[in-house]
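Geometric and topological summary
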Amino acid sequence: MECALDAQSLISLSLRKIHSSRTQRGGIKLHKNLLVSYVLRNARQLYLSERYAELYRRQQHYQEGGLLLGAPPGCAPAGEIPPEFSPLQLAAEPEDPEPGMQQPRSCGLGCAAGGALGRGGGDLLEVPVCAALLPGAPQEDEPLELQPSPPQHPQPATPSALRRDSSPGFYRGGGGSSASPGLLYPVPTSCDFGSPAPPGSAMSSASGGASAHCSSRTTVLDLDTHVVTTVENGYLHQDCCSQCPCCCQGAAGLGAPPPTPGTKRKYYPGQEDEEDGDPGGVAVGGGSPFSLCSKRARFEDFSPEQPPDSSNISNLISIFGSGFTGLVSRQQADCEQPLNGQLCGKQALASLGAWTRAIVAF
Amino acid sequence: VAEADIISTVEFNHSGELLATGDKGGRVVIFQQEQENKIQSLSRGEYNVYSTFQSHEPEFDYLKSLEIEEKINKIRWLPQKNAAQFLLSTNDKTIKLWKISERDKRPEGYNLKEEDGRYRDPSTVTTLRVPVFRPMDLMVEASPRRIFANAHTYHINSISINSDYETYLSADDLRINLWHLEITDRSFNIVDIKPANMEELTEVITAAEFHPNSCNTFVYSSSKGTIRLCDMRASALCDRHSKLFEEPEDPSNRSFFSEIISSISDVKFSHSGRYMMTRDYLSVKIWDLNMENRPVETYQVHEYLRSKLCSLYENDCIFDKFECCWNGSDSVVMTGSYNNFFRMFDRNTKRDITLEASRENNKPRTVLKPRKVCASGKRKKDEISVDSLDFNKKILHTAWHPKENIIAVATTNNLYIFQDKVN
């Protein structure tokens with residue numbers, strides 16, 4: 001069915017609806033939000049599959065001459081790209097044929113595409129989550145200001161290009177600026193060799209200190225598990241996530257050994273409760289930060305000041321950023337596929353932020 | 001339009017003499033049919049306002065910092081047992097049993113009181129008399145007899161009175177509770193679809209109803225387009241259905257909004273109890289209780305909206321919950337649409353008709369003119385194109401008199417009562 005809105009607009013529209021439902025009289029309507037999350041999932045599936053296809057095409061082009069970056073994209077977003085991004089989309093096909101949507105054939109190949117796709121993964125991640133995140137920004141007057149349309153300022157396609165924030169308030173990098181807890185804030189730079197800025201990047205662009213550390217870095221924070229992924233200079237460097245050993249698997253032999261299961265870095269925003277573990281707990285899988293093994297950089301600088309609502313909002317957003325695919329139980333079953341994204345899928349599911357929990361809590 | 005005046009439910013009582021409406025402001029207005037004018041017999045009695053009362057007030061849940069809307073979600077009448085009438089009305093959280101009684105006499109002639117109520121000095125009483133009842137202007141009083149509260153975490157969407165006339169069920173998004181009409185401090189949970197992990201939630205309960213004849217049977221519909229029939233004799237907790245009614249989705253119709261439009265907004269048993277009807281966004285389906293894998297009849301209400309789902313999502317109309325109803329003989333079903341249109345489907349002749357509830361377009365006492373929506377292409381005279389439909393004028397609630405061909409149709413804030421021509 002033709003839709004007047006593209007997938008991206010649908011995503012931002014849906015998130016707007018979810019957010020505004022919080023302030024409606026009578027409390028959050030579980031039914032309506034459930035339905036909206038289905039639209040979100042559908043739109044996101046389409047968007048991701050389109051992006052994947054595009055990035056795969058690009059990767060094919062670069063594979064001849066460019067660097068191969070080994071980190072599979074599925075890990076990059078640390079579960080932010082939910083299973084649907086890889087195994088579920090593939091697995092979902094037989095059960096849930098969506099003829100109108102592109103098939104993510106590049107999924108498995110995307111893992112080999114490494115950084116480009118990792119970057120792309122970050123991009124992909126940025127898009128929906130950014131839309132989700134916007135409400136959480138402390139400084140924004142209109143927290144719901146979403147930018148569903150293609151970037152207002154297209155970026156030069158250089159690895160070191162810094163993409164400046166078109167909404168600077170939202171995203172601050174590690175360099176001492178404040179950010180809402182749980183905010184997913186990619187610090188976008190192009191780690192994509194030659195690829196133009198994906199549409200979502202502008203949305204997600206953030207200025208800030210993180211960029212200061214590295215001239216080309218995209219950093220993504222998993223809202224739910226609070227693990228941070230940084231793509232730097234085309235290389236993924238992440239702290240190894242316990243649930244993402246596949247990141248290391250994908251590495252072209254350069255990576256450090258996979259991290260011990262159960263270890264991951266935690267990002268401690270000032271106000272949030274952490275169920276487990278210690279702020280200092282860093283599980284680094286070993287290897288240099290620039291190795292192709294996935295590692296997660298840690299965001300040191302987080303300032304807790306924010307409007308009282310934003311942690312609730314960002315929780316809600318993280319739930320959607322990472323977890324609404326859990327709504328489809330049959331997809332959950334599908335994630336048990338032996339693909340690279342498998343463990344990321346599990347992680348995503350495990351880290352599902354219980355969107356309805358949030359809704360109920362509200 | 002004042003938001004408080006938006007009608008949110010319409011229901012005839014068992015005899016059809018009374019018609020109750022609930023609105024967003026928490027009020028209930030009851031209309032009563034005039035006694036038939038046997039001499040004229042040109043039309044059946046008109047419905048006039050009989051009683052108005054405030055059923056629910058807005059509340060605040062301090063624990064959750066949530067406002068509880070006073071909007072009346074459903075009204076269900078109890079069958080009449082004595083001179084008084086009883087109905088159940090519910091908002092999102094609390095169900096109330098109301099007694100509506102008439103007073104048309106009052107006692108006069110007290111010995112110790114004056115007529116205006118002042119007490120007389122006993123020393124001035126020289127004779128005794130017996131007070132007598134004298135007629136007075138009819139007064140209709142509504143008093144709350146039971147309040148069934150604190151049993152629902154989520155928003156109540158349905159109440160249904162059992163055929164035993166002693167118990168009733170109330171359903172919210174995730175649970176269904178069974179009550180006894182006399183007991184307010186206890187309720188049995190009979191269906192609970194809340195998953196242990198809320199992340200695994202995939203569907204919610206959208207409507208529930210008791211079978212009209214079997215007091216052990218009820219159905220509930222889901223947001224995924226399924227209906228489950230449960231038998232309370234099977235177990236105390238009816239999480240496992242006895243029957244599951246589901247029609248496989250047509251993959252060629254798949255879209256972003258497939259899940260939304262397959263969500264069932266209303267389920268109603270036929271009077272006979274043999275069939276049930278479900279309403280989803282675009283269609284009405286009749287199911288035979290003996291056949292689970294597909295409906296026996298499907299009627300398209302406004303298929304021309306299928307290509308407009310995106311805009312309807314934008315303006316939130318896609319979330320509108322239309323109700324549906326049977327006529328007394330189960331031969332015709334009715335449901336509402338947009339632009340103040342409502343549709344009737346004759347199950348026997350397979351004919352359908354679209355009518356409009358509007359003052360501008362219909363003179364009183366004239367026959368309603370059938371309407372037609374032109375989906376695309378050339379618009380014929382008197383047809384209305386899809387793009388000129390007014391989506392703010394929606395008919396969500398309709399009711400059919402249990403015995404006669406009288407229908408009540410609620411537009412946003414007006415109630416229309418139509419009857420067929422009496423020869």
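First, a word on scope: everything that follows refers to the structure included in this document. Every value quoted in this text rests on a predicted model; they were computed, and no experiment measured them. (Residues numbered from 1 in each chain as written. Chains lettered and ligands numbered in written order. Predicted model: local features only at pLDDT ≥ 70, side-chain atom pairs only at ≥ 80, totals over all residues. Heavy atoms only, no water.)

**Looking at the overall build of chain B**
From N to C terminus, chain B includes 2 helices and 31 strands. Classification of the 423 residues of chain B by burial places 52% in the buried group. Put simply, 51% of the contacts in chain B that link residues at least 6 apart link residues at least 24 apart. A total accessible area of about 20500 Å² is found for chain B, and carbon and sulfur atoms account for 48% of it. (Helix = DSSP H or I, 4+ residues; strand = E, 2+ residues; numbered from the N terminus. Buried < 20%, exposed > 50% of the residue type's maximum accessible area, 1.4 Å probe, protein only. Contact = heavy atoms within 4.5 Å. Areas by Shrake-Rupley, 256 points an atom, 1.4 Å probe, with all protein chains shown as cover.)

**Quick look at the overall build of chain A**
Broken down by element type, chain A carries 12 helices and 3 strands. In chain A, which comprises 362 residues, the share counted as buried stands at 65%. Considering only residue pairs separated by 6 or more positions, chain A has 79% of its internal contacts joining residues 24 or more positions apart. When the accessible surface of chain A is totalled, it reaches about 11400 Å², and 54% of it is carbon and sulfur.

**A closer look at unusual backbone geometry**
Residue and element names in this part refer to chain B. Backbone geometry at serine 65 places phi at a positive 50°, although glycine is not the residue there. For serine 65, the position within the fold is in the loop between strand E5 (59–61) and strand E6 (66–68). Here serine 65 falls in the exposed class, since its relative accessible area comes to 53%. For asparagine 339, which is not a glycine, the phi torsion comes out positive at approximately 60°. Turning to its location among the elements, asparagine 339 is positioned in the loop between strand E24 (332–336) and strand E25 (341–346). Taking the relative accessible area as the measure of exposure, asparagine 339 reaches 11% and is therefore buried.

**Digging into the sheet that holds strand E9 (residues 95–108) of chain B**
Residue and element names in this part refer to chain B. In space, the 4 strands of this open sheet follow the order E7-E8-E9-E10, with antiparallel pairing throughout. Each edge of the sheet is formed by a strand with only one pairing partner; in this case those strands are strand E7 (74–77) and strand E10 (132–148). Here the strands of the sheet are splayed against their neighbours by 25° on average, with no regard to which way each runs. Sheet topology note: the E9/E10 ladder contains 13 bridges and is antiparallel. When the bridges of E10 are listed, lysine 105 appears paired with proline 135. (Pairing = 2+ DSSP bridges. Axes fitted to C-alpha atoms, helices over the stretch in contact; angles between N-to-C directions.)

**Focus: the sheet that holds strand E13 (residues 175–180) of chain B**
All names here are of chain B. Spatial strand order, E11-E12-E13-E14: 4 strands in an open sheet with antiparallel pairing. Two strands lie at the open edges of the sheet, namely strand E11 (158–161) and strand E14 (183–192), each paired on one side alone. Ignoring strand direction, the axes of neighbouring strands in this sheet form an average angle of 25°.

**Points about the layout of surface pockets**
Counted as a void, the second largest pocket has a volume near 1400 Å³. Taken together, 46 residues line the second largest pocket, and the ones lying closest to its centre are B:Lys71, B:Phe319, B:Asp320, B:Lys321 and B:Leu396. Counting only elements with at least two residues in the lining of the second largest pocket, the list comes to helix H2 (30–65) of chain A together with strand E1 (7–12) and strand E15 (205–210) of chain B. Per-element tally for the lining of the second largest pocket: the top contributor is H2(A), with 4 residues. Of the residues that constitute the lining of the second largest pocket, the class distribution is 16 nonpolar, 14 polar and 16 charged. (1 Å grid on protein atoms, 1.4 Å probe; cavity = no way out; pocket = protein on both sides within 12 Å on 5 of 7 lines; lining within 4 Å. Points joined across faces, edges and corners; volume = space filled by probe spheres on them. Nonpolar A, V, L, I, M, F, W, Y, C, P; charged D, E, K, R; others polar.)

**Things to note about the nonpolar core**
Most often, soluble globular proteins keep nonpolar side chains buried together rather than apart. A:Leu10, B:Phe257, B:Tyr281, B:Leu305, B:Tyr313 and B:Ile318 are the most contacted members of the largest nonpolar core, which totals 39 residues. Of all elements in the fold, only helix H1 (7–21) and H2 of chain A together with helix H1 (258–262) and helix H2 (309–314) of chain B reach the threshold of two or more residues within this core. Looking at this core, the element that brings in the most residues is H2(A), giving 8 residues. Setting aside residues up to four positions removed in sequence, B:Leu305 forms contacts with B:Tyr281, B:Leu282, B:Leu312, B:Tyr338, B:Val386 and B:Phe391. Counting residues in hydrophobic clusters, the runner-up holds 14 residues, among them B:Val332, B:Met344, B:Trp400 and B:Ile407. (Core = buried A, V, L, I, M, F, W, Y, C linked by side-chain atoms within 4.5 Å.)

**So, the packing of aromatic side chains**
All names here are of chain B. Taken as a whole and assessed by the stated rule, the structure comprises 18 aromatic pairs over all chains. A centroid spacing of 5.3 Å and a plane angle of 90° characterise the contact between phenylalanine 322 and tyrosine 338, whose relative ring orientation is edge-to-face. Of this pair, phenylalanine 322 sits in the loop between H2 and strand E23 (324–326) while tyrosine 338 sits in the loop between E24 and E25, and the two are 16 residues apart along the sequence. Take phenylalanine 322: its relative accessible area is 0%, and that puts it in the buried class. Connected via pairs of aromatic rings, a cluster forms that spans Phe256, Phe257, Tyr313 and Phe319. The ring of tyrosine 110 is capped by lysine 113, whose NZ or CZ atom sits 4.7 Å from the centre of that ring. Just above the ring of tyrosine 275 sits the side chain of arginine 347; from NZ or CZ to the centre is 4.6 Å. (Phe/Tyr/Trp six-rings, centres within 6.5 Å; stacked < 30°, edge-to-face > 60°. Lys NZ or Arg CZ within 6 Å of the ring centre and 35° of its normal.)

None of the figures reported here should be taken as evidence of function without further support.
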